[in-house]
Amino acid sequence: MRRYVILLSALLCWVPLAWAWPPPAKARFVDPQAPCFRWPAVDYDGDGVFDRIDRCPDTPPGCTVDKWGCEKDSDGDGVCDGRDQCPDTPKGMKVDRNGCPAGAHAMKDTGGEAKMPKEVAKPTAPPVTPAPPASESERQLVEQGRIRLENVYFETASAQLLSESETSLNEAGAALEKFPDLKIEVEGHTDTRGAAPFNMRLSQARAEAVRQYLLEHFHLHGENLTAKGYGETRPETKERNEEELLRNRRVVLRVLNPDVLPKSVKVDQPH
């Protein structure tokens, strides 16, 4: 019995000596801070932090870690330091598995220099140039605020429109449709031949005939078009020949609210 007591006492004395025994000179995985069993120490994920204190035991290979064995990500792009090939990625930018913006890694593979994308200044849009007027009637409308209807003919001493008037009327109507808020006065004028009261009635009837044609053939608001006959009170010429007589027999579409037209339009005022 005494022999067993001696052996047990010797064993108990040897164990503390074994814990404190220095590891071999070429030993790997030595944990000098361990309270006991300093060697061999265990580092399961190979990040350089022993499992005894490693709080992130599954760190991916190649990642830089802190003293607790957890990976660092200085630029916050989701790719750990050590594996991040673009360590200064701007915040919020989407990156690939190498921590680089799309395309940057491909440049490295082809020998190019990977650079962080820079914000490109948006080019200043050139001023919009209005499209040229599509017709002579539209040009007169936007430049002068009026359309003089050329080649509009009536039966003699009548307000009956002749068929050859349709081309000019259709051109004018198409121009007016582009500005649906325009208020237009359809002016009727005659030459000085005949009695003044008759000419006044004739000009009124012809103005109303033109107004009616425009309303029937185009999408215009009736309340925006008014007809007004001026008879022979506003002649353009002195009627010294047939051509000057013809100039006085006319129909004019005059804009009453020029503010609806494009800016900087000079509107001719009636005389």
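Here the structure is shown first, and the text comes after it.
How each quantity is defined
Here the residue numbering is sequential within each chain, running from 1 through the sequence in written order. At least 70 in pLDDT is required for a residue's local features to be given in this predicted model, at least 80 for side-chain atom pairs to be given and counted, and no such filter applies to totals for whole chains, interfaces and linings, which use all residues. Calculated side-chain values reflect all of the structure's heavy atoms, with hydrogen atoms and water omitted. Counting from the N terminus, the helices are the DSSP runs of H or I reaching at least four residues and the strands are the DSSP runs of E reaching at least two. The classification of residues rests on relative accessible area computed with a 1.4 Å probe and restricted to protein chains. Under 20% of the type maximum is buried, over 50% is exposed, and intermediate values are partly exposed. Contact criterion: two residues are considered in contact whenever any of their non-hydrogen atoms come within 4.5 Å of each other. Values of accessible area rely on a 1.4 Å probe in the Shrake-Rupley scheme; residue burial ignores everything except the protein chains shown. The salt bridge criterion pairs a side-chain nitrogen of Lys or Arg with a carboxyl oxygen of Asp or Glu, the two atoms within 4 Å. In this description, the term disulfide denotes a pair of cysteine sulfurs within 2.5 Å.

(A) Local environment of the overall build of the protein chain. In terms of helices and strands, the protein chain carries 6 helices and 4 strands. Start at the N end of the protein chain and walk to the C end: the helices and strands fall as α-α-α-β-α-β-α-β-α-β. Buried residues in the protein chain amount to 32% of all 271 residues. A separation of at least 24 residues holds for 47% of the contacts in the protein chain among residues at least 6 apart in sequence. Here the protein chain has roughly 18400 Å² of accessible surface; of this, 57% comes from carbon and sulfur atoms.

(B) Local environment of the pattern of salt bridges. Evaluation of the coordinates by the stated rule reveals 14 salt bridges. As a salt-bridge pair, Glu 150 and Arg 247 come within 3.8 Å of each other at their nearest N and O atoms. Note that Glu 150 is positioned in the loop between strand S1 (146–149) and helix H4 (166–177) and Arg 247 in helix H6 (residues 242–248), a separation of 97 residues in sequence. Taking the relative accessible area as the measure of exposure, Glu 150 reaches 36% and is therefore partly exposed.

(C) Summary view of the state of the cysteines. One pass over the full model with this rule turns up 3 disulfides. Paired by a disulfide, Cys 56 and Cys 70 hold their sulfur atoms 1.9 Å apart. Judged by the sign of its S-S torsion, about 80°, the bond between Cys 56 and Cys 70 is right-handed. Note that Cys 56 is positioned in the loop between helix H1 (2–20) and helix H2 (104–109) and Cys 70 in the loop between H1 and H2, a separation of 14 residues in sequence.

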